[in-house]
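# Report on the structure
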Amino acid sequence: MAGNLPIDFSHPSVKSLVAWLTSWIEALIRLQVLTPLSTLVQIATILATEFIISPSLSKIIKEYHHTSITPSTSFLGIFLVILWGLQIGYCFLLVIAWFVNPQESAERPFSLMNPTGVKIQRQAMSKALVHGTGMSFVIANWVMAAYAVAFSTQNFIPAIILIGLVVLILIFVNLRLVIYYPAAWTRPFDYILLHAPARLFLLVTATLFLPLTAFIADGHDWTLPRHDLDYPWEGFAAVAVSGVLATIIAGWRRDLVWSAGTVWLLWCIGGLKPKSTPVMIAVIVFSILIPLTFMASLILHMIYGRNEGRVRLEGEETPRVPPPASRGTPNTQVGNHEVQSDVWG
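On a predicted model such as this, the values are computed, not experimentally measured, just so you know. (Residues numbered from 1 in each chain as written. Predicted model: local features only at pLDDT ≥ 70, side-chain atom pairs only at ≥ 80, totals over all residues. Heavy atoms only, no water.)

### Remarks on the overall build of the chain
Check the secondary structure of the chain and you find 9 helices and 4 strands. Counting from the amino terminus, helix and strand elements in the chain follow one another as α-α-α-β-β-α-α-β-α-α-α-α-β. Each of the 345 residues in the chain was classed as buried or not, and the buried ones make up 45%. Surface summary for the chain: the accessible area is close to 18,100 Å², and the carbon and sulfur share equals 69%. (Helix = DSSP H or I, 4+ residues; strand = E, 2+ residues; numbered from the N terminus. Buried < 20%, exposed > 50% of the residue type's maximum accessible area, 1.4 Å probe, protein only. Areas by Shrake-Rupley, 256 points an atom, 1.4 Å probe, with all protein chains shown as cover.)

Structure follows, in structure tokens:
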């Protein structure tokens, strides 16, 4: 059949095109099918273990295995609803990002107006979706669903192994996003629907689910109605590590999602009474320190980085500054490149 076509399939350009089309179709099928499926499986599993299976997840962590950092399930539920909404938005991003050929010219990136009227630079987005998150996000969703089942059946040793694996996968995903596909003011949808769910997913698993499961698996828990508030310094250490990390990220990266998410998780821990004094002190201190550090870093960046952080808008004339008289070099045209100082997180 192929021999009857007026195409030389042995030509290097044709081979390259066929190989690209094959990889593009495979990536399309994997991401557009497996990502929504794994997201729905994760959400459905957690909801089933909370509302259908007895004892529920909230009853296990609040009554049967109470720890020094047990969170308020109401506050935590709000966090998870926001996370799931962003993950569903990430699935929507996968769909609209593939309406364009990713081989569009980088000099003339294709853009399409979404329903909110925001231009999406699909060239960079498609690369971030395939090479930034890709199948790693799918695997993290499946492992997270397995963790919920293990936790609900109170098999805490397998549960801590599974949640540790989720954390490692998400660290890898977030490092790739930050290093190779950083979000910028020019691509707000990338930050909201791609970077934000990856950040929040890592945040809740690494700073809450992992230490909580470790405490239970190690026997640092008790059953209500006993309120002896054991293991206060272990709880303080878990909260302090999370708070110090968030403070560093708030000051260095000015990451709004990580900073706000950490403060909310601190409120989750402090929202369930009673709590030991060291844990409550850590919650209060870092709930104040993280926003102050973020605001101070943002103000300093606005003061000292305003000139170097300016982004030329599309269609705006590039100012031509005449060179000094001592220099005989001609003026050079400045391109519309992304400014690294405007990177979010």
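### A word on the environment of Ala 214
Along the chain, Ala 214 turns up in helix α6 (residues 188-217). On the accessibility criterion, Ala 214 (25% relative accessible area) is partly exposed. Each C-alpha atom of the pair Ala 214 and Ile 157 lies 8.5 Å from the other, and the pair is 57 residues apart in sequence.

### A closer look at the packing of helix α7 (residues 232-252) against helix α8 (residues 256-270)
Put simply, α7 and α8 touch, their axes get as near as 9 Å, and they point 160° apart. Taken together, α7 and α8 sit at an angle that is classed as roughly antiparallel. Remark: the crossing between α7 and α8 carries left-handed chirality. The residues of α8 that touch α7, namely those facing Val 239, Ser 242, Leu 245, Ala 246, Ile 249 and Ala 250, are Trp 258, Ser 259, Thr 262, Leu 266 and Ile 269. Here the residues of the contact of α7 with α8 sort into 8 nonpolar, 3 polar and no charged. (Axes fitted to C-alpha atoms, helices over the stretch in contact; angles between N-to-C directions. Parallel < 35°, antiparallel > 145°, perpendicular 65-115°, else oblique. Left-handed = near helix turned anticlockwise from the far one by under 90°. Contact = heavy atoms within 4.5 Å. Nonpolar A, V, L, I, M, F, W, Y, C, P; charged D, E, K, R; others polar.)

### Quick word on α8
The end-to-end C-alpha distance of α8, which contains 15 residues, comes to 21 Å, matching closely the 21 Å that a straight helix rising 1.5 Å per residue would cover. In terms of residue burial, α8 counts as a mostly covered element, since 11 of its 15 residues are buried. Taken together, the buried positions of α8 are Val 257, Trp 258, Ser 259, Gly 261, Thr 262, Val 263, Leu 265, Leu 266, Cys 268, Ile 269 and Gly 270. Sitting at the head of α8, Asp 255 places a side-chain oxygen 3.1 Å from the backbone nitrogen of Val 257. (Expected span 1.5 Å × (residues − 1). Polar contact = N/O pair within 3.5 Å; in protein donor to acceptor, adjacent residues only side chain to side chain.)

### A few points about the packing of aromatic side chains
One pass over the full model with this rule turns up 8 aromatic pairs. Ring centres 5.2 Å apart and planes at 80° place the aromatic pair Phe 151 and Phe 156 in the edge-to-face group. Grouping residues by exposure puts Phe 151 and Phe 156 together as buried. Members of the aromatic cluster, joined through ring pairs, are Tyr 147, Phe 151, Phe 156 and Phe 209. Residue placement shows Arg 253 over the ring face of Trp 252; its charged tip is 5.6 Å from the ring centre. (Phe/Tyr/Trp six-rings, centres within 6.5 Å; stacked < 30°, edge-to-face > 60°. Lys NZ or Arg CZ within 6 Å of the ring centre and 35° of its normal.)

### A few points about the packing of α7 against helix α9 (residues 277-304)
Between two packed helices, the angle of one axis relative to the other and the distance separating the axes together describe the packing. Close contact between α7 and α9 brings their axes to 9 Å; oriented N to C, the two are set at 0°. What the angle tells us is that α7 and α9 run roughly parallel. Contacts between α7 and α9 pair Pro 232, Trp 233, Gly 235, Phe 236, Val 239, Ala 240, Gly 243, Val 244, Ala 246, Thr 247, Ala 250 and Gly 251 from the former with Pro 278, Val 279, Ala 282, Val 283, Phe 286, Leu 289, Ile 290, Thr 293, Phe 294 and Ser 297 from the latter. Here the contact of α7 with α9 is built from residues that sort into 16 nonpolar, 6 polar and no charged.

### A closer look at helix α2 (residues 57-64)
Those residues of α2 not exposed but buried are Leu 57, Ser 58, Ile 60 and Ile 61. Down the axis of α2, the buried side of the element spans an arc of 165°, and every buried residue falls inside it. (Arc of directions from axis to C-beta.)

### Some remarks on the nonpolar core
Counting 73 residues, the largest nonpolar core has Leu 76, Phe 151, Phe 201, Val 204, Phe 209, Val 239 and Leu 265 as its most contacted members. By residue number, the principal contributor to this core is α6, which donates 16 residues. Dropping the residues within four chain positions of it, Leu 265 is found in contact with Leu 76, Phe 79, Leu 203, Val 204, Thr 207 and Leu 208. (Core = buried A, V, L, I, M, F, W, Y, C linked by side-chain atoms within 4.5 Å.)

### Overview of the pattern of salt bridges
For the structure on display, the rule yields 1 salt bridge. Of the charged contacts, one joins Asp 255 and Arg 199 as a salt bridge, the two residues approaching to 2.5 Å between their closest N and O atoms. Here Asp 255 is found in the loop between α7 and α8, whereas its partner Arg 199 is found in helix α6, with 56 residues between them in sequence. Here Arg 199 falls in the buried class, since its relative accessible area comes to 4%. (Salt bridge = Lys/Arg side-chain N within 4 Å of Asp/Glu carboxyl O.)

### Topic: unusual backbone geometry
Following Ser 54, the chain continues into Pro 55 via a peptide bond in cis, with omega recorded as 0°. Of the consecutive residues Lys 273 and Pro 274, the connecting peptide bond is found in the cis state with omega at 0°. Assignment of secondary structure puts Pro 274 in the loop between α8 and α9. One non-glycine residue with positive phi stands out, namely Arg 254, at about 55°. Among the secondary structure elements, Arg 254 is positioned in the loop between α7 and α8.

### Here's the deal with the side chain of Ser 242
Within the secondary structure layout, Ser 242 lies in helix α7. Dropping the residues within four chain positions of it, Ser 242 is found in contact with Thr 207 and Thr 262.

### Topic: a nonpolar patch on the surface
Together, Leu 168, Ile 171, Leu 175, Ile 179 and Tyr 180 make up a nonpolar patch on the protein surface, roughly 550 Å² of accessible area in all. By the element assignment, Tyr 180 lies in helix α5 (residues 156-180). (Patch = residues over 30% accessible without salt bridge, like charges linked within 9 Å, V, L, I, M, F, W, Y side chains within 5 Å.)

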